[in-house]
Amino acid sequence: MTVTDKEADMQPETPLITTALISDADDDIIQTSLDFVREHLDMEVGYLSEFVGENLVFRHISAPGLEDMIAVGDGMPLDQVYCPYILDGRLPELIPDTADVPLTQDIAMTHALPIRSHVSIPIKRRDGSTYGMFCCLSRTPRPSLNDRDLNVMRAFARLSSETINGVLDERMRHTEMRNRISQAIDGKEFTIFYQPIMDAKTRTAKGYEALCRFHHEPYRTPDLWFEDARQVGLQVDLEIAAISKALRALNKLPEDIYVSVNASPKTVESGRLMDVFADFPCDRIVLELTEHVEIGCYDRLMKKLEVLRFHGIRIAIDDAGAGYAGLQHIVRLRPDIIKLDISLTSNIDQDLVRRSLATALVGFANETNALMVAEGVETEMEFATLKYLGIDLMQGYLLGRPADLSVAMVDFGSVARRKVG
């Protein structure tokens with residue numbers, strides 16, 4: 001079947017707008033616009049529709065008292081409504097009395113409702129294609145309707161059009177983002193770098209933290225990738241893919257070396273981690289719990305963590321002293337390893353407040369039999385100060401930068417041969 005220009009214009013280029021992408025504010029703008037013009041024109045029904053294939057679907061409705069006649073989500077075949085005829089110019093946008101327009105008598109909807117007055121304005125996408133219609137109708141004639149009323153209708157249709165296009169833009173961004181994340185997961189389009197975690201006394205590696213680096217250009221930091229994944233509902237999938245790839249290093253590392261992987265509470269709560277860990281020696285895996293928003297339910301999270309601990313997984317709290325990784329977080333989760341955030345380790349040799357807080361955390365770790373890891377160690381003076389405070393393990397550019405596993409292993413070997421400070 002040949003598609004005419006008019007029919008092509010009416011074909012939806014993208015999927016339906018999902019409720020999740022329409023904010024309350026967007027919804028209110030459209031609904032308020034419909035309510036206002038319906039009352040202003042003294043009409044019974046106002047609606048905003050979307051063209052979906054060969055059908056018109058009602059997305060917003062203003063029809064007090066007629067809820068049993070028309071509802072959001074209902075649809076009608078396009079060949080039974082006025083819209084195609086208005087788009088191709090065979091019907092005017094404003095019809096005070098359908099009885100005066102012969103063509104309307106051949107359209108099924110005229111007699112089904114019936115329709116005696118009708119005003120309808122096309123809603124256009126940014127590319128010029130038709131999204132749907134902004135419409136008011138009544139079962140009685142409205143001979144007083146005039147060009148001024150039509151202009152009012154057009155003004156509110158434009159307002160609704162801008163709102164719809166804003167939602168469509170966001171939907172397109174959401175779809176592109178989801179596709180990009182899905183491709184990264186399916187194609188494993190990321191590399192795992194490893195940063196050594198060194199014994200503070202011997203400067204030999206005790207473990208490696210696995211860090212994700214993505215290949216796509218332009219370069220975007222890993223935290224942005226994982227935040228995008230969270231926004232499109234793929235956070236758990238992306239973290240699982242990264243963890244699965246990272247743990248393969250255990251097959252190449254000495255048996256006394258562990259690998260530390262990062263996961264959000266949501267991924268822990270998914271219950272999927274144990275399926276990944278089961279293929280590796282669990283006593284050589286450290287799970288770093290990372291979170292940048294407040295944890296909602298500690299009880300649910302703790303149940304999942306206890307399962308992991310039962311199998312030998314050690315739990316680490318990342319970024320201690322920063323953000324939500326505060327004292328309450330540490331006390332409730334009772335980690336095996338506490339990682340001191342760079343915000344505390346940076347210039348700790350010159351800052352009494354940082355040293356005092358670090359000392360308190362070291363005391364807590366000793367009392368709870370937890371190990372301490374200082375992150376972000378970049379100078380010999382920071383290293384010496386942290387070692388003096390009793391930090392067990394250290395990590396940072398001074399001791400080794402994140403690198404491919406083979407490079408990281410060579411680098412830590414050269415670090416280990418340095419004179420211990």
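This one's a predicted model, so the numbers in the text were calculated from it and none came from an experiment.

J.: Where do I start with empty space enclosed by the protein in this structure?
T.: Any empty space left between atoms is shown by rolling a water-sized probe over those atoms. In this structure the tally under the stated criterion is one cavity of 30 Å³ or more. By volume, the largest cavity amounts to about 30 Å³. Lining the largest cavity, in full, are Ile197, Tyr258, Ser260, Val286, Glu288, Ala316, Ile337, Lys339 and Val373. Breaking the lining of the largest cavity down by element, the ones donating at least two residues are strand 9 (258-263), strand 10 (285-289) and strand 12 (337-340). Class assignment for the residues of the lining of the largest cavity results in six nonpolar, one polar and two charged.

J.: Would you mind going over the packing of aromatic side chains with me for this structure?
T.: Two measures describe an aromatic ring pair: the distance that separates the ring centres and the angle between the ring planes. Applying the stated criterion across every chain, the model contains five aromatic pairs. Look at Phe214 and Trp225: their rings are 4.3 Å apart centre to centre, the planes differ by 5 degrees, and that puts the pair in the stacked class. Within this pair, whereas Phe214 is found in strand 8 (residues 205-214), its partner Trp225 is found in helix 6 (residues 222-231), the two being separated by 11 residues in sequence. Overall, Trp225 belongs to the buried group, its relative accessible area being 1%. The interplanar angle of 70 degrees and the centroid separation of 5.9 Å between the aromatic rings of Phe214 and Phe226 together place this pair among those described as edge-to-face. Of this pair, Phe214 sits in strand 8 while Phe226 sits in helix 6, placing them 12 residues apart in sequence. It is Arg203 that lies over the ring of Phe383; its NZ or CZ is 4.1 Å from the centre. Taking NZ or CZ as reference, Arg220 lies 5.8 Å from the ring centre of Trp225, over its face.

J.: Help me understand the sheet that holds strand 13 (residues 371-374) in this model?
T.: Hydrogen bonds between backbone atoms are what pair the strands of a sheet, whose relative direction is either parallel or antiparallel. What the eight strands build is a closed barrel, ordered 7-8-9-10-11-12-13-14; its pairing is mixed. Bridge count between strand 9 and strand 10: five bridges; the pairing is parallel. Paired with Ser260 across the strands is Val286, a residue of strand 10. Packed onto the sheet, helix 7 (residues 235-246) meets strand 7 (190-199), strand 8 and strand 9 and runs at close to 60 degrees relative to strand 7.

J.: What's the story with the sheet that holds strand 6 (residues 130-138) in this structure? I'm lost.
T.: Pairing in this open sheet of six strands is antiparallel, and the strands run 3-2-1-6-5-4 from one edge to the other. Only two strands of the sheet have a single partner each, and these edge strands are strand 3 (75-77) and strand 4 (94-95). Where strand 2 (residues 55-62) and strand 3 come together, three bridges link them in antiparallel fashion. Residue pairing across strands places Asn55 opposite Pro77, the latter belonging to strand 3. Packed onto the sheet, helix 2 (residues 24-40) meets strand 1 (45-52), strand 2 and strand 6 and runs at close to 80 degrees relative to strand 2.

J.: Help me understand the environment of Arg284 in this model?
T.: Tracing the sequence through the fold places Arg284 in the loop between helix 9 (273-277) and strand 10. Sequence spacing of Arg284 and Val259 is 25 residues, and the spatial spacing of their C-alpha atoms is 6.3 Å. Contacts of Arg284, omitting those with residues within four sequence positions, involve Leu250, Leu253, Pro254, Glu255, Ile257, Tyr258 and Val259. A distance of 2.9 Å separates the side chain of Arg284 from the backbone oxygen of Pro254, its partner in a polar contact.

J.: Can you help me understand the nonpolar core in this one?
T.: General note: in soluble globular proteins, nonpolar side chains tend to be found buried as a group. Tyr194, Leu247, Val261, Phe277, Leu287 and Leu305 are the most contacted members of the largest nonpolar core, which has 77 residues in total. Apart from residues no more than four positions distant in its own chain, Leu247 is found in contact with Val259, Val261, Val276, Phe277, Phe280 and Ile285.

J.: It is not clear to me how the state of the cysteines should be interpreted in this structure. Could you clarify?
T.: Covalent bonding between the sulfur atoms of two cysteines defines a disulfide. For the coordinates displayed, the defined rule picks out zero disulfides. The cysteine Cys83 is free of any disulfide, with Cys135 supplying the nearest cysteine sulfur at 6.6 Å. Sulfur of Cys136: no disulfide; nearest cysteine sulfur belongs to Cys135 and is 6.5 Å away.

J.: Help me understand the side chain of Ser117, please; the structure alone is not making it clear to me.
T.: Within the fold, Ser117 resides in strand 5 (residues 117-124). Given the relative accessible area of 0%, Ser117 is considered buried. Sequence-distant contacts of Ser117, that is, excluding residues within four places in its chain, are made with Met43, Ile95, Pro96, Thr98, Cys136, Leu137, Ser138, Thr140, Pro141, Arg142 and Leu145.

What counts, and where the lines are drawn
- Starting from 1, residues in each chain are numbered consecutively following that chain's sequence as written.
- Local features in a predicted model are, by the rule used here, given only for residues with pLDDT of at least 70; side-chain atom pairs are given and counted only at 80 or more, and totals for whole chains, interfaces and linings are based on all residues.
- For the side-chain quantities, the full set of heavy atoms in the structure was used; hydrogens and water were omitted.
- A cavity here means a set of points on a 1 Å grid, drawn over the protein atoms and nothing else, where a 1.4 Å probe fits but cannot get out; a pocket is an open set with protein on both sides within 12 Å along at least five of seven lines, and a residue lines either one if it has an atom within 4 Å of a point.
- Grid points are joined across faces, edges and corners, and a volume is the space filled by probe spheres set on the points.
- What counts as a helix is a DSSP run of H or I of at least four residues, what counts as a strand is a run of E of at least two, and both are numbered from the N terminus.
- Three classes are used: nonpolar for Ala, Val, Leu, Ile, Met, Phe, Trp, Tyr, Cys and Pro, charged for Asp, Glu, Lys and Arg, and polar for all others, with Gly counted as polar.
- When the centres of two rings from Phe, Tyr and Trp lie within 6.5 Å, Trp using its six-membered ring, the rings pair. Their planes under 30 degrees apart give stacked, over 60 give edge-to-face, and anything left gives tilted.
- Partly exposed residues are those whose accessible area sits between 20% and 50% of the maximum for their type, while under 20% is buried and over 50% is exposed, using a 1.4 Å probe and protein chains only.
- Two limits define a charge over a ring: the Lys NZ or Arg CZ must be within 6 Å of the ring centre, and within 35 degrees of the ring normal.
- Think of it this way: DSSP has to see at least two bridges between two strands before they count as a pair.
- Residues are treated as being in contact if the distance between any of their heavy atoms lies within 4.5 Å.
- Under this scheme, a helix contributes an axis fitted over its contacting stretch, all axes are lines through C-alpha atoms, and angles between N-to-C directions fall in the 0 to 180 degree range.
- Side-chain atoms alone can form a polar contact between residues adjacent in sequence; in general such a contact is a pair of N or O atoms within 3.5 Å, and within protein one must be able to donate a hydrogen while the other accepts it.
- We define the nonpolar core as a collection of buried residues of types Ala, Val, Leu, Ile, Met, Phe, Trp, Tyr and Cys that are connected through side-chain atoms lying within 4.5 Å of one another.
- Cysteine sulfur atoms are paired as a disulfide whenever they fall within 2.5 Å.

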